[in-house]
Amino acid sequence: MSKLNRHYIFGYGSLINSLSRAVTGESGSVLPVKVCGYERSWSVMSADFGMSSVAVVQREGAICNGVLVEVPESEIQHFDLRERGYQRSRIEAHQIQTYQEVDLPEGTLWIYHACEIVVPTHTCPIALSYADVILAGCIEHGHEFALEFIALTKGWEYPALNDRNTPRYPRVQRQLHTPVLNRLVADVIRLSDEQLSASYDEGSAD
């Protein structure tokens, strides 16, 4: 395939997670990066599910970490469907910083972004079933990468819910080891240690 015909999506939420990406479509090489000019926040993007998601908006001087994922052009329509409610726009190579001393791949670079942030509410809180998938994906690239995700995400002070017994996120991953994930968010999320303690193995399967 010509380099000019290659497509890459910047995943900054659940698309960081390799198993979650695979649910949607085929993808190839993955490179952890930071994108300049976008700010990530928790936002009501999935009201139908009764939960908030992470979204990015353009913000001068802001930075967001995530992964650059190669996606065949034929698969982009599937990711568009997954990310409905977001706008897909091009980003330029000069906006991207790599973690390793590697060259950026050549091709068309895409990002799914929002036009505005709608803060989480008790009706659409930060759901752990979704946050867990993101953070497990971050851990694939190291503990420090996960901590950086938390630091570079605004809105942790808004309502949150441990929904692991009755997950609201449709691509929930019940096999995740939650104590590690709990330690990551314990200091930033509005849940007590007792509220965080519930794990997927305590609930019945959907």
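Residues numbered from 1 in each chain as written. Predicted model: local features only at pLDDT ≥ 70, side-chain atom pairs only at ≥ 80, totals over all residues. Heavy atoms only, no water.

Novice: Give me the overall build of the protein: which residues, what numbers.
Specialist: The number of helices and strands found in the protein is 6 helices and 9 strands. Along the first, second and third principal axes, the C-alpha atoms of the protein reach 50 × 35 × 30 Å. Put simply, 82% of the contacts in the protein that link residues at least 6 apart link residues at least 24 apart. Looking at the protein as shown, the accessible area adds up to about 10000 Å², and 48% of this sits on carbon and sulfur atoms. (Helix = DSSP H or I, 4+ residues; strand = E, 2+ residues; numbered from the N terminus. Contact = heavy atoms within 4.5 Å. Areas by Shrake-Rupley, 256 points an atom, 1.4 Å probe, with all protein chains shown as cover.)

Novice: So what's going on with the packing of helix 3 (residues 128-139) against helix 5 (residues 178-185)? Residues and values would help.
Specialist: Any two packed helices are characterised by the angle at which their axes cross and by the distance between the axes. With their axes 10 Å apart at the nearest point, helix 3 and helix 5 run at an angle of 95 degrees to one another. Here helix 3 lies roughly perpendicular to helix 5, going by the angle between them. On helix 5, the residues touching Asp132, Leu135, Ala136 and Ile139 of helix 3 are Thr178, Val180, Leu181, Leu184 and Val185. For the contact of helix 3 with helix 5, a count of residues per class yields 7 nonpolar, 1 polar and 1 charged. (Axes fitted to C-alpha atoms, helices over the stretch in contact; angles between N-to-C directions. Parallel < 35°, antiparallel > 145°, perpendicular 65-115°, else oblique. Nonpolar A, V, L, I, M, F, W, Y, C, P; charged D, E, K, R; others polar.)

Novice: Go over the nonpolar core with me, naming the residues and quoting the values.
Specialist: Phe10, Phe149 and Ile189 are the most contacted members of the largest nonpolar core, which totals 55 residues. Once you skip the residues sitting within four places of it in the chain, phenylalanine 149 turns out to touch Tyr12, Ile16, Arg40, Val54, Asn65, Ile134, Leu135, Cys138 and Trp156. (Core = buried A, V, L, I, M, F, W, Y, C linked by side-chain atoms within 4.5 Å. Buried < 20%, exposed > 50% of the residue type's maximum accessible area, 1.4 Å probe, protein only.)

Novice: Could you give an account of the side chain of glutamate 83, naming the residues involved and the relevant values?
Specialist: Mapped onto the secondary structure, glutamate 83 falls in the loop between helix 2 (76-82) and strand 4 (87-91). Under the relative-accessibility criterion, glutamate 83 is labelled buried at 10%. Once you skip the residues sitting within four places of it in the chain, glutamate 83 turns out to touch Leu15 and Tyr112.

Novice: Go over the pattern of salt bridges, please, and point to the residues and values.
Specialist: Working definition: two side chains of opposite charge can pair if their charged atoms are close together. This structure, assessed with the given rule, holds 6 salt bridges. Note that glutamate 148 and lysine 34 form a salt bridge whose closest N and O atoms lie 2.8 Å from each other. Highlighted residues: glutamate 148 in helix 4 (residues 143-151) and lysine 34 in strand 2 (residues 30-46), separated in sequence by 114 residues. The partly exposed category is assigned to glutamate 148, whose relative accessible area is 22%. For the salt bridge of arginine 59 with glutamate 39, the shortest nitrogen-to-oxygen distance reads 3.3 Å. Taken together, the positions of arginine 59 in strand 3 (residues 51-70) and glutamate 39 in strand 2 put the pair 20 residues apart, joining distant regions of the chain. For glutamate 39, a relative accessible area of 16% translates into the label buried. (Salt bridge = Lys/Arg side-chain N within 4 Å of Asp/Glu carboxyl O.)

Novice: I'd love a proper account of the layout of surface pockets, names of residues and values included.
Specialist: In this model, the largest pocket occupies a volume close to 430 Å³. Around the largest pocket, the lining comprises 23 residues; the ones closest to its centre are Ser46, Arg82, Arg84, Tyr86 and Arg171. When contributions to the lining of the largest pocket are tallied by element, the ones reaching two or more residues are strand 1 (7-11), strand 2 and strand 3. No other element matches the 3 residues that strand 3 contributes to the lining of the largest pocket. Looking at side-chain class alone, the lining of the largest pocket contains 13 nonpolar, 5 polar and 5 charged residues. (1 Å grid on protein atoms, 1.4 Å probe; cavity = no way out; pocket = protein on both sides within 12 Å on 5 of 7 lines; lining within 4 Å. Points joined across faces, edges and corners; volume = space filled by probe spheres on them.)

Novice: How would you explain the environment of valine 67 if you had to name every residue and give the values?
Specialist: Along the polypeptide, valine 67 turns up in strand 3. Residue valine 67 is classed as buried on the basis of its relative accessible area, which comes to 0%. A sequence separation of 41 residues divides valine 67 from threonine 108, and the C-alpha atoms of the two residues are 15 Å apart. Apart from residues no more than four positions distant in its own chain, valine 67 is found in contact with Ile9, Phe10, Gly11, Leu15, Ile16, Arg21, Val30, Leu31, Pro32, Val33 and His141.

Novice: I'd like a rundown of the packing of aromatic side chains, residues and numbers included.
Specialist: Taken as a whole and assessed by the stated rule, the structure comprises 5 aromatic pairs. Ring geometry for tryptophan 42 against tyrosine 130: centres 5.8 Å apart, planes inclined by 75 degrees, an arrangement best described as edge-to-face. Of this pair, tryptophan 42 sits in strand 2 while tyrosine 130 sits in helix 3, placing them 88 residues apart in sequence. The same class applies to tryptophan 42 as to tyrosine 130, namely buried. Joined through ring pairs, the aromatic side chains of Trp42, Tyr130, Trp156 and Tyr169 make up one cluster. (Phe/Tyr/Trp six-rings, centres within 6.5 Å; stacked < 30°, edge-to-face > 60°.)

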